[in-house]
Every structure is written in C-alpha cells, then in structure tokens.
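Remarks on the overall topology
Chain by chain, the residues run as shown.
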Amino acid sequence: MSDEFFPEIPKIEHEGPGSRNPLAFKHYNAGEMVGGKAMRDHFRFACAYWHTMRNPLADPFGPGTAERPWDDGTDSVDNAKKRVWAAFEFMGKCGIDYYCFHDRDVAPEGATLAESNANLDAVADELEKAQNETGIKLLWGTACLFAHKRYNQGAATSPYADVFAYAAAQVKKAIEVTHRLGGQGYTFWGGREGYATLWNTDLKRELDHLARFLHMAVDYKKKIGFEGQFYIEPKPREPSTHQYDSDAAACLNFLREHGLKDHLKLNLETNHATLAGHSMMHEMEVALAGGVLGSVDANTGDELIGWDTDQFPTNIYLTTQIMLCVLRMGGFTTGGLNFDAKPRRESFEPVDLFHAHIGGMDAFARGLKIAHAILEDGRLDQFRKDRYSSYDSGIGARIESGEAGFEELEAHVLANAEPVTRSGRQEMLENLINEFI
Ligand code: XLS
Ligand code: NI
Ligand code: NI
C-alpha cells in the first residue's frame, strides 16, 4: 500500500495486550482463530466512507474541524477520485477488509441526474481499481436520499410523486454501481422517511408508498441479477420527528405486512437502538428471533447527549453482547460490522481516524473472545434452557405444540397445587458475565 496520504503512520500491527504503542492492536489479531474461525472472518469490519472520508466533524453549534490534507475541499470529480486512494490507504493500514458508501459520499451530485450518474461512474472506475489493487471489498452500498433539498419531505414517502420517481432513479443507479463493484449487500436507511408533523401526513399512504418502493427495488435487483442482500436500517427519529422504520420490531412488522420479509434483513445500529429506547442487545435479539439479523452498524451513542452521536464503540459489555448474538446466529454471512462512527469534533487530526478504528476493532476483539468463552463455558445458556424446561414435557409441551387449550389448562390448574417459580438470578448471571470480562 502506498504511503502517500498518511506517510507518518505505519501499517497497524497486533502487538498484544502488553504493548504501549497507541498505533497498535492490543487484542485484534486478524488471523487468530477463535472457535475455529479467524477473527477477521468473525467481524468482517467495514469502514463507513461517509464518516471517515466525508464527515467534516461539525456539530449544531459550529462548523467542521476535520483536517484532511488530501482533500481540496471542492466538489470536483478529481478530488473525489483522489479521496478514493486516501480511503484505501487508510483501510489497508488499519487492516479493514470492507467499506460501505452512499452514492453521494463517493461522487459529487451534479446539476442533473445524468450528470450525477456520470460522476458516480467515473469514481466507480477508481473504486474498482483500488479494490483490485488492495483486495478490499464492498460490504454494502446505499443512496443518500436525505441531503438534497428535493428530499426535504422524504423520498419514497414524499407527498410528491416526482420526488418518489427521483429517489427510485437514484436507487436504481446506486444498486447498479453496488452490483458492479461486487457489493455483498445494499442498505436502505430511511433518512427522512417519516414525518415532521401528523397534521399534514397521510401515514397509511406514505407507508404503502415505501413498500411499493422496496418492491420495485426487489424487482430491479432480480432483473439485473444482483445477488447481494438487501437490508433495512431501523432508526426512530432524527432528522424526522418519527421515522417509519423506527426499530427492529417495527421493521419486521412492516416487512411482514407488505410481503417483503423474504427480501430484506435488518442492519442494526447501536446508536439507533438507544434512540429508540432499546438496548442494542434487545434489537439484536428481536432480529435474531425474526430470522432477519443481517448486518451491524457498529457505533455507540452518548447517554448524556442523546443524539445520534455516532461514536466509536469502546464498551466491552456492548461488544460482548453484540458478539454473543452474532455467534448464536452462527456468524455473519453477507453482513459485517460497519463502523458507522466518527471521531469527536475535538479529535480533528487524521491520526484520530486511526485511534478511533483501532479502538473499535480492539473492543470487538475482546467482545468476541469473551462471548466465545461464555458460550464455551455453557452455564449461561444452560441457565436459560433450564428456565424454560417446564415446556419440555407434560402440560408445557402440550402448550407449545398447540394440543392444549383453555379448558385443558383449567382442568390442569384445578388438579394441581399453586405453581412454583424460581428466582430469575439476574445478579448471579451478571456476576457470571463479569467472570469473563
Ligand atoms: C444515519 C444512518 C446512516 C446509514 C446509511 O443515522 O446510520 O449512516 O447507516 O445511510
Ligand atoms: Ni447507520
Ligand atoms: Ni446512524
């Protein structure tokens, strides 16, 4: 890999827990086997192009602070092409195997759709070259249907049919480019698919339009032979007051209601889970139970701020919970862990991008090892299993199989003594988890 953009930064190596080098992995070791699988294959880490390459690190009170010497700050295609090489040098040095992008992160929007598409094609040529040179792959692509003014009232849920059409044309192109670049998936994040106020909103019609939009995408995907996985990414609000795909359960219901469940899985993001008032583990369990756990946007929020602050994940409990669910699922197939995260506004130097990703990768390496050890140990899962054992035989088995009805259950109660329950042992289990952390 070239040394053009980050000349002072060497390739990040695994130096082990004893290392005091901030530019080294203490726990992440790409080739190390955990439960018969190399770490890199457990995680399938991805870099989010929009944050790492494009986020100026602004906040609601001030403009961006990010110093990105390779970027001339213009919207030119040449600048966009150059940025590709900075991105791939960065990922190569971090040992990140995948990336994710929005159409408008990688290439500038033009004055017309035709111009935007030509820009995207030009940058896709460059991305293809960089992929071939480095072996870094595209985890998923997406379209930005929320930044341009035309999308001010939504895209597929805009009250304006011409806006719906524009969004469709944009997604058509984004899927084509994702397909061309060998993308393993394509994500739909609602952006502004929700409402600012219900006074002006026909909620039923908007939801039907969103479903139509996704069906069109499914049809087109088949037509061009794109075999990547489609994902929908739940988020409850921000920038909208309410976003329709508000959490995993709402997405599942929407997919089922509109006959889309066979075509989309969920891409879950930690900060969106907490915005929805859930833990990430809750969202993961809901998706797992519904058979739609696809991919993860690995970040975290700040409990004290409450926005989608998109911070890098460093909490070992969080990464342990996520990896526990991923292992229980049997691992990612098309999905992976995409760092949908940015350094703080105060962390404006290029080297901070490295610290941020190193920290996230190390936190997940620890989470994986801990989760694996917990599963190997078996006590946690055994406890869960035993807790439901009254359903394994007798009346419980008849309830689960559907053989028993209310009358039989009433007879059962009349013939038996008061039910016996046992402690849920929450504290004991929390202590058990801490044995491993
Ligand atoms: C924003 C979302 C976005 C999606 C991709 O909050 O997380 O970054 O992941 O459109
Ligand atoms: Ni995201
Ligand atoms: Ni987000």
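Remember, predicted model here, so these are calculated numbers, not experimental data.

1. Observations regarding the side chain of Asp105
- Inspection of the secondary structure puts Asp105 in helix H4 (residues 103–106).
- Of the side chains with opposite charge, Arg54 comes closest to the buried, unpaired Asp105, at an N-O distance of 6.0 Å.
- Polar side-chain contacts of Asp105 include one of 2.6 Å to the backbone nitrogen of His102.
- Ignoring anything within four residues of it in the chain, the contact list for Asp105 reads Tyr49, Trp50, Arg54 and Arg83.

2. Re the nonpolar core
- Counting residues in hydrophobic clusters, the biggest one holds 111 residues, and the most contacted among them are Tyr99 and Leu337.
- A per-element tally of this core places helix H12 (residues 350–377) first, with 12 residues.
- Grouped together as the second largest cluster of nonpolar side chains are 8 residues, Ala48, Trp50, Tyr98 and Tyr231 included.

3. Comments concerning the coordination of the nickel ion (ligand 2)
- All of the protein donors around the nickel ion (ligand 2) are Glu233 (OE), Glu269 (OE), Asp297 (OD) and Asp340 (OD); their distances to the metal are 2.0 to 2.1 Å.
- In this structure, the nickel ion (ligand 2) is surrounded by 6 donor atoms whose angles at the metal cover 80 to 174°, and the resulting shape is octahedral.
- All donors to the nickel ion (ligand 2) come from one chain, and their sequence spacing reads E-x35-E-x27-D-x42-D.
- For the pair the nickel ion (ligand 2) and the nickel ion (ligand 3), the metal-to-metal distance amounts to 3.9 Å, and Glu269 bridges them. In this pair, Asp297 sits in strand S13 (residues 293–297) while Asp340 sits in the loop between strand S14 (337–339) and H12, placing the two residues 43 residues apart along the sequence. There is no split in this pair, since Asp297 and Asp340 are both buried.

4. Overview of the packing of aromatic side chains
- Overall, the coordinates contain 23 aromatic pairs when judged by the stated rule.
- When the centroid spacing of 6.4 Å and the interplanar angle of 70° are considered together, the rings of Phe45 and Phe364 count as edge-to-face. Here Phe45 is found in strand S5 (residues 45–48), whereas its partner Phe364 is found in helix H12, with 319 residues between them in sequence.
- Seen from their ring centres, Phe146 and Trp189 are 4.8 Å apart, and the 70° between their planes marks the pair as edge-to-face. Remark: Trp189 occurs in strand S8 (residues 185–189) and Phe146 occurs in the loop between strand S7 (137–142) and helix H6 (161–180); sequence separation between them is 43 residues.

Cut-offs used in this document
Residues numbered from 1 in each chain as written. Chains lettered and ligands numbered in written order. Predicted model: local features only at pLDDT ≥ 70, side-chain atom pairs only at ≥ 80, totals over all residues. Heavy atoms only, no water. Helix = DSSP H or I, 4+ residues; strand = E, 2+ residues; numbered from the N terminus. Buried < 20%, exposed > 50% of the residue type's maximum accessible area, 1.4 Å probe, protein only. Lys, Arg positive; Asp, Glu negative; His and termini not counted. Salt bridge = Lys/Arg side-chain N within 4 Å of Asp/Glu carboxyl O. Polar contact = N/O pair within 3.5 Å; in protein donor to acceptor, adjacent residues only side chain to side chain. Contact = heavy atoms within 4.5 Å. Core = buried A, V, L, I, M, F, W, Y, C linked by side-chain atoms within 4.5 Å. Donors = N, O, S within 2.8 Å, 3.2 Å for Na, K, Ca; no water. Tetrahedral: all angles 85-135°; square planar, octahedral: opposite > 155°, others 65-115°. Phe/Tyr/Trp six-rings, centres within 6.5 Å; stacked < 30°, edge-to-face > 60°.

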